[in-house]
Amino acid sequence: VEHIAPNDQNRAVQLASDGRESARLAADELRYLVHRMRSPSLSEGFIPALRSFVQGVADRHDLELEFSVSGSERRLSSQVEHAAFRIAQESINNVLRHAGATQAWVVIQYEADRIRLSVSDNGCGFNPDAESDGLMGMRTRAESLGGTLYIQSRKGAGSRIEATLPLGESDA
């Protein structure tokens, strides 16, 4: 538009209008995708919602994602399910944004009194001492429920985020 404007103002106005409309449509699409990613239905439970999220990520990105569950699967309190889902979601999104990974693993382990959630990848790694807002948010989420967040990573050696949360009483 900048190059056309001096010679053809009408064409420049049309291009600017078309560009504005394209940007509006792209923003609408982005809002829709973000809404879908951030507003999962946990009504069927944490595992079905997370399995759906992982499958959606695997379908849209060039990342081999493995998902496994061990132990006696059961409903958790809505607070624990929500926190576990958000921690997994943020971890997976971090793999997509920063890791340059070709593979990632999401492992859920139901134990007697807690659930352990692990997201690991074969990406570039990072300095775990330099916690970002996202990592601090995951830690705060886990600790607010009496859980823990463990971060293991080395440059060039992938990463692993592990959250351990108390099971809590199911309110489902």
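The structure we're discussing is the one just above.
(A) Representation of the overall build of the protein chain in the model. Counting secondary structure elements, the protein chain contains 4 helices and 5 strands. Going from the N terminus to the C terminus, the protein chain shows its helices and strands as α-α-β-α-β-β-α-β-β. Since a compact globule built from 172 residues should have a radius of gyration of about 16 Å, the 21 Å found for the protein chain marks it as more spread out than a globular shape. Each principal axis of the C-alpha atoms in the protein chain carries an extent, and together these give about 75 × 40 × 30 Å. A buried classification covers 37% of the 172 residues belonging to the protein chain. Nonlocal contacts in the protein chain, meaning residues at least 24 apart in sequence, comprise 67% of its contacts between residues at least 6 apart. Split by element, the accessible area of the protein chain, about 10,200 Å² in all, is 49% carbon and sulfur.

(B) Structural view of the packing of helix α3 (residues 78–99) against helix α4 (residues 133–144). Taken N-terminus to C-terminus, the directions of α3 and α4 make an angle of 160 degrees; their axes are 10 Å apart at the nearest point. With respect to each other, α3 and α4 are oriented roughly antiparallel. For the pair α3 and α4, the crossing hand works out as left-handed. Contacts between α3 and α4 involve His82, Ala83, Arg86, Ile87, Glu90, Ser91 and Asn94 from the first element and Gly134, Leu135, Met138, Arg141 and Ala142 from the second. By residue class, the composition of the contact of α3 with α4 is 5 nonpolar, 4 polar and 3 charged.

(C) The environment of serine 120, seen in detail. By the secondary structure assignment, serine 120 is in strand β3 (residues 114–121). Residues serine 120 and histidine 61, 59 residues apart in the sequence, show an inter-C-alpha distance of 16 Å. With near-sequence residues (within four places) excluded, serine 120 lies in contact with Gln103, Ala104, Trp105, Ser159 and Arg160.

(D) Up close: the nonpolar core. Core analysis: the largest hydrophobic core is formed by 38 residues, its most contacted members being Phe46, Leu50, Val106, Ile108 and Ile115. For this core, the elements supplying multiple residues, two or more each, are α2 (46–60), β1 (64–70), α3, β2 (103–110), β3, α4, β4 (148–153) and β5 (159–166). The leading source of residues in this core is α3, at 9 residues. When sequence neighbours within four positions are dropped, the list of residues in contact with phenylalanine 46 reads Glu81, Ala84, Phe85, Ile108, Tyr110 and Ile115.

So, how was this worked out
- The written sequence of each chain sets the order in which its residues are numbered from 1.
- It should be noted that, the model being predicted, local features are given only for residues of pLDDT at least 70 and side-chain atom pairs only at 80 or more, the latter also being counted only at that level, while totals for whole chains, interfaces and linings use all residues.
- Each side-chain value is derived from all of the structure's non-hydrogen atoms; neither hydrogens nor water enter the calculation.
- Numbered from the N terminus, helices here are DSSP runs of H or I no shorter than four residues, and strands are runs of E no shorter than two.
- Put simply, the radius of gyration uses C-alpha atoms, and a globule should come to 2.2 Å times the residue count raised to 0.38.
- Per-residue accessibility, obtained with a 1.4 Å probe over protein chains only, is compared with the maximum for each type, and a residue is labelled buried under 20%, exposed over 50%, and partly exposed between these values.
- A contact between two residues is defined here by any heavy atoms of the two lying within 4.5 Å.
- Methods summary: accessible areas were calculated by the Shrake-Rupley approach with a probe of 1.4 Å, and residue burial reflects only the protein chains presented.
- A fitted line through C-alpha atoms represents every axis, and for helices the fit uses only the stretch in contact; the resulting angles, taken between N-to-C directions, go from 0 to 180 degrees.
- Angles are sorted into four bins: roughly parallel if under 35 degrees, roughly antiparallel if over 145, roughly perpendicular if 65 to 115, and oblique for all others.
- In a left-handed crossing the near helix is turned counterclockwise from the far helix by less than a right angle, and in a right-handed crossing that turn is clockwise.
- Three residue categories are used. Nonpolar comprises Ala, Val, Leu, Ile, Met, Phe, Trp, Tyr, Cys and Pro, charged comprises Asp, Glu, Lys and Arg, and polar comprises the others, including Gly.
- Among buried residues, the Ala, Val, Leu, Ile, Met, Phe, Trp, Tyr and Cys ones that are joined through side-chain atoms within 4.5 Å form a nonpolar core.

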